[in-house]
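The lines below spell out each chain.
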Amino acid sequence: MQRYDRARFFAFGVLPALNCLGLLIYGLGLATHGTGGAGRSLPVLIVLVAVNLLFASFAAVKRGRDLGWVAWMTVLGFWVSTSLGPVLIIMLAYLVFAKTKPAADALGPPATPATLITWYWCFMNLVWPWIALAVLAEVL
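Residues numbered from 1 in each chain as written. Predicted model: local features only at pLDDT ≥ 70, side-chain atom pairs only at ≥ 80, totals over all residues. Heavy atoms only, no water.

Undergrad: I tried to follow the overall build of the protein on my own but got confused; where do I start?
TA: Helix and strand counts for the protein come out as 5 helices and 0 strands. Reading the protein from its N terminus to its C terminus gives the helix and strand order α-α-α-α-α. C-alpha extents for the protein along the principal axes are approximately 55 × 35 × 20 Å. Counting contacts in the protein only where the partners sit at least 6 residues apart, residues at least 24 apart contribute 80% of the total. For the protein, the exposed area adds up to about 8,000 Å²; of that, 77% sits on carbon and sulfur atoms. Across the protein, the mean location of the 9 positive side-chain charges is 5 Å away from that of the 4 negative side-chain charges. (Helix = DSSP H or I, 4+ residues; strand = E, 2+ residues; numbered from the N terminus. Contact = heavy atoms within 4.5 Å. Areas by Shrake-Rupley, 256 points an atom, 1.4 Å probe, with all protein chains shown as cover. Lys, Arg positive; Asp, Glu negative; His and termini not counted. Charge placed at Lys NZ, Arg CZ, Asp CG, Glu CD.)

Below, the structure is given as structure tokens:
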């Protein structure tokens, strides 16, 4: 399993978590001010948020490997902090700003520098839930 440096974790961990926040705020708007069948797309929105949080947890595990953490500890910390709301922001900030530990070399080679293709996939990862929600809202 590849390790993630700060840039890759920001692209594939922090930004999808913030995207989840945006999706949930949009869902709140649908639930309170939506007209007609807008509420029917809320279960789809919840599934999209869960999938994005799953991707963010994979990124957290890869960043945790860069810090020398074991995978189960990172997953547990990520999902516990997700359930505590604002604590997730603190954990994400720690994972972004923490320095790589020398012990992490035992868990695999260091991550390669982020390229333009990395940021392209980051953008696509941020956009696909909104496109899927728009399409499914029209279908449902």
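Picking up where we left off.
Undergrad: Got a minute to help me understand the environment of glycine 68 in this structure?
TA: Inspection of the secondary structure assignment puts glycine 68 in the loop between helix 2 (42–66) and helix 3 (71–83). As for glycine 68 and lysine 101, which are separated by 33 residues in sequence, their C-alpha atoms are 6.1 Å apart.

Undergrad: Could you clarify how one ought to interpret the packing of aromatic side chains in this entry?
TA: Two aromatic rings, taken as a pair, are described by how far apart their centres are and by the angle between their planes. A full pass over the atoms with the stated rule returns 6 aromatic pairs. Where tryptophan 69 meets tyrosine 94, the ring centres are 5.8 Å apart and the plane angle is 10 degrees; that geometry is what we call stacked. Here tryptophan 69, found in the loop between helix 2 and helix 3, pairs with tyrosine 94, found in helix 4 (residues 87–97); they are 25 residues apart in sequence, far enough to count as distant. Its relative accessible area of 43% is what places tyrosine 94 among the partly exposed residues. (Phe/Tyr/Trp six-rings, centres within 6.5 Å; stacked < 30°, edge-to-face > 60°. Buried < 20%, exposed > 50% of the residue type's maximum accessible area, 1.4 Å probe, protein only.)

Undergrad: For this particular structure, what's the right way to read the nonpolar core?
TA: Considering soluble globular proteins, one finds that nonpolar side chains tend to be buried as a cluster. By size, the foremost hydrophobic cluster in this structure holds 26 residues, and its most contacted members are Phe9, Phe12, Val49, Phe78, Leu92, Leu95 and Leu133. Elements that contribute at least two residues to this core include exactly helix 1 (6–33), helix 2, helix 4 and helix 5 (116–139). The leading source of residues in this core is helix 2, at 8 residues. When near neighbours in sequence (up to four residues on either side) are disregarded, leucine 95 contacts Phe9, Ala60, Arg63, Leu67 and Trp69. (Core = buried A, V, L, I, M, F, W, Y, C linked by side-chain atoms within 4.5 Å.)

Undergrad: Honestly, a nonpolar patch on the surface in this entry has me stumped. Any pointers?
TA: Together, Val70, Trp72, Met73, Leu76, Val80, Leu84 and Val87 give the surface a local cluster of nonpolar side chains, amounting to about 660 Å² of exposed area. Looking at the nonpolar patch, the element that brings in the most residues is helix 3, giving 4 residues. Among the structural elements, tryptophan 72 can be located in helix 3. (Patch = residues over 30% accessible without salt bridge, like charges linked within 9 Å, V, L, I, M, F, W, Y side chains within 5 Å. Salt bridge = Lys/Arg side-chain N within 4 Å of Asp/Glu carboxyl O.)

Undergrad: How do you make sense of the pattern of salt bridges when you look at a structure like this?
TA: For side chains bearing opposite charge, pairing can occur when the charged atoms are close. Enumeration over the complete set of coordinates arrives at 1 salt bridge. Residue aspartate 66 pairs with arginine 63 through a salt bridge whose shortest N-O separation is 2.6 Å. Of this pair, aspartate 66 and arginine 63 both sit in helix 2, 3 residues apart, which is roughly one turn of the helix. Across the pair, arginine 63 and aspartate 66 agree in class, each one buried.

Undergrad: Please clarify how helix 1 should be interpreted in this entry.
TA: In an α-helix, one turn spans 3.6 residues; hence positions three or four apart end up facing the same way. For helix 1, built from 28 residues, the straight-helix expectation of 40 Å at 1.5 Å per residue is met to within 8% by its first-to-last C-alpha distance of 38 Å. The largest bend along helix 1 measures about 25 degrees and falls at leucine 15, with the proline proline 16 one to four residues further on. (Expected span 1.5 Å × (residues − 1). Bend = angle between axes of the 7 residues up to and from the residue.)

Undergrad: It is not clear to me how the packing of helix 3 against helix 4 should be interpreted in this structure. Could you clarify?
TA: A pair of packed helices can be characterised by two numbers: the angle between their axes and the separation between those axes. Where helix 3 contacts helix 4, the two axes come as close as 7 Å, and the packing angle between them is 145 degrees. As for how helix 3 packs across helix 4, the hand of that crossing is left-handed. In contact with Thr74, Gly77, Phe78, Ser81 and Thr82 of helix 3, helix 4 contributes Val87, Leu88, Met91 and Leu92. For the contact of helix 3 with helix 4, the residue count by class is 5 nonpolar, 4 polar and no charged. (Axes fitted to C-alpha atoms, helices over the stretch in contact; angles between N-to-C directions. Left-handed = near helix turned anticlockwise from the far one by under 90°. Nonpolar A, V, L, I, M, F, W, Y, C, P; charged D, E, K, R; others polar.)

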